[in-house]
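# Descriptive analysis of the structure
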Amino acid sequence: MFLSDLANLCGTQGTWAGLISESKGVREERAPKANYVIPEMRIAHASNPVTPSLILITAPAAVGKTTAARYLSHKLKAPIVDLSTLHVGSNALEGALWKSMGPGQAGRFVEEMKGGRATLIIDALDEAEIRSGSANFQAFLRDVAETASDMSDRPAMIMLSRAESARSLTDLFRERGLQYSHFEILPFGRFQAETYLDSRMVEVYAASGKEAVHRRYQRPYERARDTLFSLLASVISSESSDIWEDPPVRDFLGYAPVLDVAAEFLAVDNFTTLHRDFSSSGAAEGTAHWHLVAQVIDHLLVREQEKFVTQFIETSEFESFGDQRLPAALYTPEEQCTRLLDYVENISTAVELPAILPDRLREPYEVAVTAQLVNHPFVRGSGWFNVIFRDYVTARSLASVTTAGDSGAVIRRRLLSSEWKHSPMFAYFTHALTRVQGEPVSSCHSELFGALYESFKSMCIAGETLHFTASRSGNRILSSYAVSSSLQGVAPTTMGPLVFASHEGNSTLTFPRELSHATIYEVPEVMLGGEGSSFKFGPSVFISCHDLLVMARDIQVFGTSDESEMPVLLNVANLISDNVKIRVESTHLHVLCDELTYPWTQYQKKLNPSELLSNAHEASALYLEMRRIVLRFKDAKKGEAALYQPFVDNLVIGENRRARTALNFLESIGCVELRNSMYLLDLTEFAKLGISRPQLRDLEMSDAVVAVSRRLVEFGSR
């Protein structure tokens, strides 16, 4: 049913009651709202077969309860008691009507309500609790229930509230035996969303002094709009069928604040160009829609702050002890995120309260925040509205300068724990929120690189591979993530590369569960596993680091039937582990380390530095880089192997100086050629080096290896 159907159940006055004052918390909406999109309703509780005395309407934050109240007021000629402007308590309802209408008219109006010929609308119940305090709010609700119990024939009251605040209401109604019906406002469906968006765009254009050109160029606008909807839906679901039939997608796309931001995004002069930008946004990084979603969620946090502050500064405590500099520092988006992680995830971190918040205001402030938090638009009950809000809140908390030291460490530990269920959203939001201005690099703690790996990994479907690289650059670590596809008709690189830099001084990488198709070089410390879990390796992993700490209880190493895939190669100065069990298929694990204890010893394949003449360490490192690059090539046509050039430059090599030297060496001797965005490996020319690809894979030592290593050192020193 729709809101208009619900209105037909209530009493309608022949004429307006009339107000002597609109400054006492009561108003009448005599003018209709232009272009109002009537929402759908879902019944949550019915009083059948008894006629309800009262109707309760609930919805999440920002869904349009106040606008619905205005619509009902106009349709029913009903006054609205706006609790967002009142301090409530015992007798507050009767007092507001008397002051606004006068005693005589207020009495006549109540008699009309009792006879089913008039309706009273009470809006913003959730805000009244913050302004008035819990005890006064409960006293007000008892008065409302007592008044409603005298009504008959038709519902005489309509109350609107956020869903979470309605619990105390429904408990009170049941306790008093009050007959009521409870309806929920649903998010917009497709037609309603399109209608609402059209109206919002008219307002956005008008605010800029422009004509609403989307109505003149309707077809190009609709293409851009539908593409934007698809991009936003792809954040939640990978299904390509009707996105509006997917409840989580409808909940998000049909959310009015999301459509408000979409209107600003779409209000352009050229829809064809905008559509092309949308369509190509996934070709390189594929992050445009994530930045848009981040804007939407930020808008909601700011809106929630404004709503809270408006109520809190009206409290008697603030009026007594408050400072006019204080409101902007209260309930900030960062504070909301910290409190939400504690409320929903039980991640307890320090909340940075404003230094200018007086001691006498701290307790009233905490009480008000507690009442507001349960009604936050990001939560439903004690859980998240959806994973989008969870991952945004987590990413924003870690990106905030106020989340430092122990607080950040607590959140990172949870992200790296086995209980955290990863989604792609955390990685994308981290990229969007920590992007360095004017640079294609995002910045975060190095311990998050493993969580980002898990997050990006969760987006991969069959036929897709996540590629990860990390290397030291000064006192920071650079990493990149990209997803490639082996499916026919799909671009070789479907996402990225997205680049992240660690904060200065961060030097540890932690991977909680698995690692494959990864290249890590010259990193001080790498940790594998945690909490006694198993760790899965391979294929195609190369780690060169000083300390490798194995925290997992066992290591599982897997290869593939594809001989071009590299095995797992660990080239470390110190390997630190305790009671680790290793399961390896075939010879897919190679460990290079000076001192190895059981059970690692059987996997050591040493390159003897003394046999590489002078510059032994550099020769060994350059040879291993050349080996890694060559084994990446895939057989193309007879006598040639190939690799996509952006993949090589961004992921296989990146900032690795030795890898670039090795590739340049192969080009200089005619083994590798760049042609039409592809690197081509001439297998005949490579064979002249005296090293076969199977020998490369198995790290076989030979005179040819010594000779090539020497040539690499000589080439690199030019």
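Everything that follows concerns the structure shown earlier in this document.
Residues numbered from 1 in each chain as written. Predicted model: local features only at pLDDT ≥ 70, side-chain atom pairs only at ≥ 80, totals over all residues. Heavy atoms only, no water.

## Here we look at the overall build of the chain
Counting its secondary structure elements, the chain contains 26 helices and 26 strands. Expressed as lengths along the three principal axes of its C-alpha atoms, the size of the chain is roughly 110 × 60 × 50 Å. Buried positions account for 55% of the 718 residues belonging to the chain. Side-chain charges of the chain comprise 70 positive and 88 negative groups, with the mean position of each set lying 2 Å from the other. (Helix = DSSP H or I, 4+ residues; strand = E, 2+ residues; numbered from the N terminus. Buried < 20%, exposed > 50% of the residue type's maximum accessible area, 1.4 Å probe, protein only. Lys, Arg positive; Asp, Glu negative; His and termini not counted. Charge placed at Lys NZ, Arg CZ, Asp CG, Glu CD.)

## Overview of the pattern of salt bridges
For the coordinates displayed, the defined rule picks out 41 salt bridges. One salt bridge in this structure joins Arg-658 and Glu-618, with 2.9 Å as the shortest N-O distance. Taken together, the positions of Arg-658 in helix H23 (residues 657-668) and Glu-618 in helix H21 (residues 616-632) put the pair 40 residues apart, joining distant regions of the chain. Given a relative accessible area of 23%, Glu-618 falls into the partly exposed group. Arg-660 is paired through a salt bridge with Asp-649; the nearest N and O atoms lie 3.3 Å apart. Taken as a pair, Arg-660 in helix H23 and Asp-649 in helix H22 (residues 645-653) lie far apart in primary sequence, eleven residues in all. For Arg-660, a relative accessible area of 28% puts it in the partly exposed group. (Salt bridge = Lys/Arg side-chain N within 4 Å of Asp/Glu carboxyl O.)

## Here we look at empty space enclosed by the protein
Per the stated rule, a full pass over the model turns up one cavity of 30 Å³ or more. Looking at the largest cavity, its volume works out to about 40 Å³. The wall of the largest cavity is formed by His-467, Phe-468, Thr-469, His-517, Thr-519, Arg-632, Phe-647, Leu-651 and Val-652. Going through the elements one at a time, strand S11 (464-473) and H22 are the ones with two or more residues in the lining of the largest cavity. Among the residues making up the lining of the largest cavity, the classes are represented as four nonpolar, four polar and one charged. (1 Å grid on protein atoms, 1.4 Å probe; cavity = no way out; pocket = protein on both sides within 12 Å on 5 of 7 lines; lining within 4 Å. Points joined across faces, edges and corners; volume = space filled by probe spheres on them. Nonpolar A, V, L, I, M, F, W, Y, C, P; charged D, E, K, R; others polar.)

## Brief notes about the state of the cysteines
As enumerated under the stated definition, the model contains zero disulfides in all. Just so you know, Cys-444 is unpaired, no disulfide at all, and the nearest cysteine sulfur is the one on Cys-337, 17 Å from it. Of all cysteine sulfurs, the one in Cys-444 lies closest to Cys-460, which takes part in no disulfide; the gap is 18 Å. (Disulfide = S-S within 2.5 Å.)

## Brief notes about the sheet that holds strand S5 (residues 120-123)
Pairing in this open sheet of seven strands is mixed, and the strands run S1-S4-S5-S6-S3-S7-S2 from one edge to the other. Edge positions in the sheet fall to strand S1 (26-27) and strand S2 (41-45), since each of these pairs with one other strand and no more. Sheet analysis places strand S3 (residues 54-59) next to strand S6 (residues 157-162), joined by six bridges and oriented parallel. Bridged to Ile-57 within S6 is Leu-160. Set on the sheet, helix H2 (residues 65-76) makes contact with S1, S3, strand S4 (80-82), S5, S6 and strand S7 (180-185); between it and S6 the angle comes to about 170°. (Pairing = 2+ DSSP bridges. Contact = heavy atoms within 4.5 Å. Axes fitted to C-alpha atoms, helices over the stretch in contact; angles between N-to-C directions.)

## Brief notes about the pairing of strand S17 (residues 534-537)
Of the two faces of S17, only one is covered, namely that formed by Phe-535 and Phe-537; the face formed by Ser-534 and Lys-536 stays uncovered. As judged from the two bridges shared by strand S15 (residues 514-515) and S17, these two strands associate in the parallel manner. Bridging from a neighbouring strand, Leu-515 pairs with Phe-537 of S17.

## Examining the sheet that holds strand S25 (residues 672-675)
A sheet is described by the order of its strands in space; here four strands give the open sequence S23-S24-S26-S25, paired in antiparallel fashion. Looking at strand neighbours, the two that pair on one side only are strand S23 (634-635) and S25, the edges of this open sheet. Sheet topology places S23 next to strand S24 (residues 640-644); two bridges connect them, and they run antiparallel. Bridging from a neighbouring strand, Asp-635 pairs with Ala-641 of S24. Its contacts with the sheet put H22 on S24, S25 and strand S26 (678-682), and the angle it makes with S24 is roughly 65°. H23 contacts S25 and S26 of the sheet and is inclined by roughly 90° relative to S25.

## So, the side chain of Thr-469
Along the chain, Thr-469 falls in strand S11. Relative accessible area serves as the criterion here: at 9%, Thr-469 is assigned to the buried category. Here the side chain of Thr-469 touches Ser-480 through a polar contact of 2.6 Å, side chain to side chain. Beyond its immediate chain neighbours, meaning those up to four positions away, Thr-469 contacts Leu-478, Ser-479, Ser-480, Thr-519, Asn-650 and Leu-651. (Polar contact = N/O pair within 3.5 Å; in protein donor to acceptor, adjacent residues only side chain to side chain.)

## Re the packing of aromatic side chains
Per the stated rule, a full pass over the model turns up 23 aromatic pairs. A centroid spacing of 5.8 Å and a plane angle of 80° characterise the contact between Phe-308 and Tyr-365, whose relative ring orientation is edge-to-face. Taken as a pair, Phe-308 in helix H13 (residues 288-312) and Tyr-365 in helix H16 (residues 359-373) lie far apart in primary sequence, 57 residues in all. Looking at Phe-308, the relative accessible area reads 0%, which means it is buried. (Phe/Tyr/Trp six-rings, centres within 6.5 Å; stacked < 30°, edge-to-face > 60°.)

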